[in-house]
Amino acid sequence: LGFPFEQTTTPLSDEERAAILADPGFGRYFTDHMASAGWTPAAGWHNSRVGPLQPFSLHPSAAVLHYAQEIFEGLKAYRHADDSVWLFRPELNARRFARSATRLALPELPEEAFVQSVEELVKADEAWVPAYGGEQSLYLRPFMFASEPFLGVRPAAHVTYSVVASPAGPYFSSGVTGVTLWVSNTYTRAAVGGMGAAKTGGNYAGGLVAQLEAQEHGCDQVLYLDGAEHRWLEESGTMNLCLITSDGELITPGLGTILEGVTRGSVLQLVTEHGLTPVERRVSIDELRAGCRDGSITEVFAVGTAAVITPIVGFKGDGYEAVVGDRQPGKITLAVREHILDLQYGRVPDSRGWLRRV
Ligand code: COI
């Protein structure tokens, strides 16, 4: 496909960029450029490029605004100590993007084109990749949506692909403190046959009211149970879940109605180096509560690209509360977190070939 570069005439000054990079937060500031491409059935993918960051011009009847035909991805570019810039397993995001596209009846973007678009944008805005040394990165947000102006309900015949980039500090501004989860009895996230495995905006829109419910109960995030039995752990608000047991297992809910997280998959492979056996299987809320009570579940954490690993120190549901361990971030949790970050920032050898230099 190819993403030729057209430089913006209105980049931020070095001073303005430095002021943003001093405290970027998450998702608030954007770099000078964006990648984009269009698609129609007749032309296929076309007009692909990296050009100036600019607003879209969308007809008010653009299908995405009405029927939410949309998908997205999230990945990061990391600066290493020698100033080089790297992506972490971007081909997994490319593959998941293609699967999400199929589920949302959007056209597949070739996986090489996905990776190329991300790489070309990072090259164009390399100065925006935060300096090595903190837990900062350049968050990349590829997305695709139905831009056809049409109110009939069918797959759109005009689709837009784009990537924007946003410098990111730690996702949770308060640092790696443990969070608590609200086990919702009101809301579920996905059902068998639904869109749970796709990274589509609707899954996140549907979660907002559950997130509010969690906050009303004094919790930080939601823990979703399955839609059929309201019994099996699915995922937390925007992250996958992992449990560590006293007999050395790392258990995470199996795939199906949850998002197949890149960090989830990476953690499953890394934990053997921490003496844990990875296990993918169903876990019931009763098992979790009992395990917290009798100490057979020693640590719980959430995994995702944005926040990496977040320790979970307690749960609340209708009429009950459970504490994990001693209500402090778990030791293995923090060690696995450091391990992932060490890999991403090039502090340990990349023996699995997960990093890709930009
Ligand atoms: C994650 O990286 O964990 C996410 O799900 C991204 C979030 C900002 C939607």
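None of the values given here were measured: they were computed from a predicted structure.

### Considerations on the overall build of the protein chain
- A tally of helices and strands in the protein chain yields eight helices and 17 strands.
- Computed over C-alpha atoms, the radius of gyration of the protein chain comes to 21 Å, within 12% of the 21 Å expected from 2.2 N^0.38 for 358 residues, which places it in the range of a compact globule.
- Looking at the protein chain as a whole, 42% of its 358 residues are labelled buried.
- Long-range contacts, defined as pairs at least 24 residues apart, comprise 72% of the intrachain contacts of the protein chain with a sequence gap of at least 6.

### Description of unusual backbone geometry
- Within the chain, alanine 68 stands out as a residue other than glycine whose phi angle is a positive 60°.
- In this model, arginine 89 sits at a positive phi of 50°, which is unusual for a non-glycine residue.
- Locating arginine 89 in the fold gives a position in the loop between strand E5 (85-88) and helix H3 (90-103).

### Concerning the site of the ligand
- As a structural note, the neighbourhood of the ligand is formed by Gly74, Thr238, Met239, Gly304, Thr305, Ala306 and Ala307.
- Among the residues forming the shell around the ligand, the class breakdown is three nonpolar, four polar and no charged.

### With respect to the environment of leucine 121
- Counting through the fold element by element, leucine 121 comes out in helix H4 (residues 111-124).
- Since 29 C-beta atoms lie within 10 Å of it, leucine 121 is described here as buried.
- Placed twelve residues apart in sequence, leucine 121 and leucine 109 show a C-alpha to C-alpha distance of 16 Å.
- The residues contacting leucine 121, other than those within four sequence positions of it, are His33, Met34, Ala35, Val50, Val163 and Ala165.

### Topic: the packing of helix H6 (residues 262-270) against helix H8 (residues 331-344)
- Close contact between H6 and H8 brings their axes to 11 Å; oriented N to C, the two are set at 110°. Classified by the angle their axes make, H6 and H8 are roughly perpendicular. On H8, the residues touching Thr263, Ser266, Val267 and Leu270 of H6 are Val336, His339 and Ile340.
- Among the residues making up the contact of H6 with H8, the classes are represented as four nonpolar, three polar and no charged.

### Side note on the nonpolar core
- By size, the foremost hydrophobic cluster in this structure holds 41 residues, and its most contacted members are Ala77, Leu121, Leu138, Leu140, Val159 and Ala165.
- The set of elements that each furnish at least two residues to this core consists of strand E1 (33-40), strand E4 (75-79), E5, H3, H4, strand E6 (137-146) and strand E7 (159-168).
- Once residues lying within four places of it in the same chain are set aside, the contact partners of leucine 138 are Lys76, Ala77, Val122, Trp128, Val129, Pro130, Ala165 and Pro167.
- Residues Ala214, Met239, Leu241 and Val308 belong to the second largest nonpolar core, which totals 39 residues.

### Digging into the pairing of strand E12 (residues 249-252)
- Judged from the two bridges that link them, strand E11 (residues 240-245) and E12 form a sheet pairing that is antiparallel. Each residue of the ladder has a partner; that of isoleucine 244, found in E12, is leucine 250.
- Counted along the chain from E11 to the antiparallel partner E12, the turn is three residues long, and its residue glycine 248 has a positive phi close to 85°.
- Taken together, the four bridges between E12 and strand E13 (residues 277-280) define a ladder with parallel strand orientation. By the bridge assignment for E13, glutamate 249 is matched with threonine 277.
- Crossover connection from E12 via H6 to parallel E13: handedness right-handed.

### Looking at the packing of H3 against H4
- One way to put it is that H3 packs onto H4 with a least axis distance of 9 Å and a crossing angle of 125°. By the angle class used here, H3 and H4 are oblique. Once H3 is placed against H4, the crossing between them reads as right-handed. Every residue of H4 that contacts H3 at Pro90, Glu91, Ala94, Arg95, Phe97 and Ala98 is listed here: Glu111, Phe114, Val115 and Val118.
- Of the residues belonging to the contact of H3 with H4, the class tally is seven nonpolar, no polar and three charged.

### Concerning the environment of histidine 274
- Of note, histidine 274 is situated in the loop between H6 and E13.
- Counting along the chain gives 59 residues from histidine 274 to threonine 333, while the straight-line C-alpha distance between them is 10.0 Å.
- Ignoring any residue separated from it by four or fewer positions in sequence, one finds histidine 274 in contact with Ile332, Ala335 and Val336.

### Quick look at the pairing of strand E14 (residues 297-304)
- Within E14, eight of the eight residues are buried, which leaves it mostly tucked inside the rest of the structure.
- One ladder, built from six bridges, connects E11 with E14; its direction is antiparallel. Bridged to isoleucine 244 within E14 is glutamate 299.
- Relative to strand E15 (residues 308-317), E14 runs antiparallel, the two being bridged by five bridges. In the strand pairing of E15, alanine 302 is matched with threonine 310.
- Counting the residues in the hairpin turn of E14 and E15 gives three residues.

### Quick word on the confidence of the model for the protein chain
- Averaged over the protein chain, the pLDDT score is 96; the fraction of residues at 70 or greater is 99%.
- Interface predicted TM-score (ipTM) for the complex: 0.93; the corresponding pTM is 0.96.

### Observations concerning H8
- Between its terminal C-alpha atoms H8 stretches 20 Å, which fits the 20 Å expected from 14 residues at 1.5 Å a residue.
- Of all the residues in H8, the buried ones are Thr333, Val336, Arg337, Leu343 and Gln344. End-on, the buried residues of H8 take up no more than an arc of 130°, which puts them together on one face.
- The elements touched by buried residues of H8 are E4, E5, H6, E14 and E15.
- Two residues or fewer after H8 comes glycine 346, characterised by a positive phi angle close to 75°.

Definitions and cut-offs
Residues numbered from 1 in each chain as written. Predicted model: local features only at pLDDT ≥ 70, side-chain atom pairs only at ≥ 80, totals over all residues. Helix = DSSP H or I, 4+ residues; strand = E, 2+ residues; numbered from the N terminus. Rg over C-alpha atoms; globule rule 2.2 N^0.38 Å. Buried ≥ 20, exposed ≤ 12 C-beta atoms within 10 Å, placed from the backbone. Contact = placed C-beta atoms within 7 Å. Near = placed C-beta within 6 Å. Nonpolar A, V, L, I, M, F, W, Y, C, P; charged D, E, K, R; others polar. Axes fitted to C-alpha atoms, helices over the stretch in contact; angles between N-to-C directions. Parallel < 35°, antiparallel > 145°, perpendicular 65-115°, else oblique. Core = buried A, V, L, I, M, F, W, Y, C linked by C-beta atoms within 7 Å. Pairing = 2+ DSSP bridges. Right-handed = clockwise from strand over helix to strand, strands pointing away. Left-handed = near helix turned anticlockwise from the far one by under 90°. pLDDT = per-residue confidence, 0-100. Expected span 1.5 Å × (residues − 1). Arc of directions from axis to C-beta.

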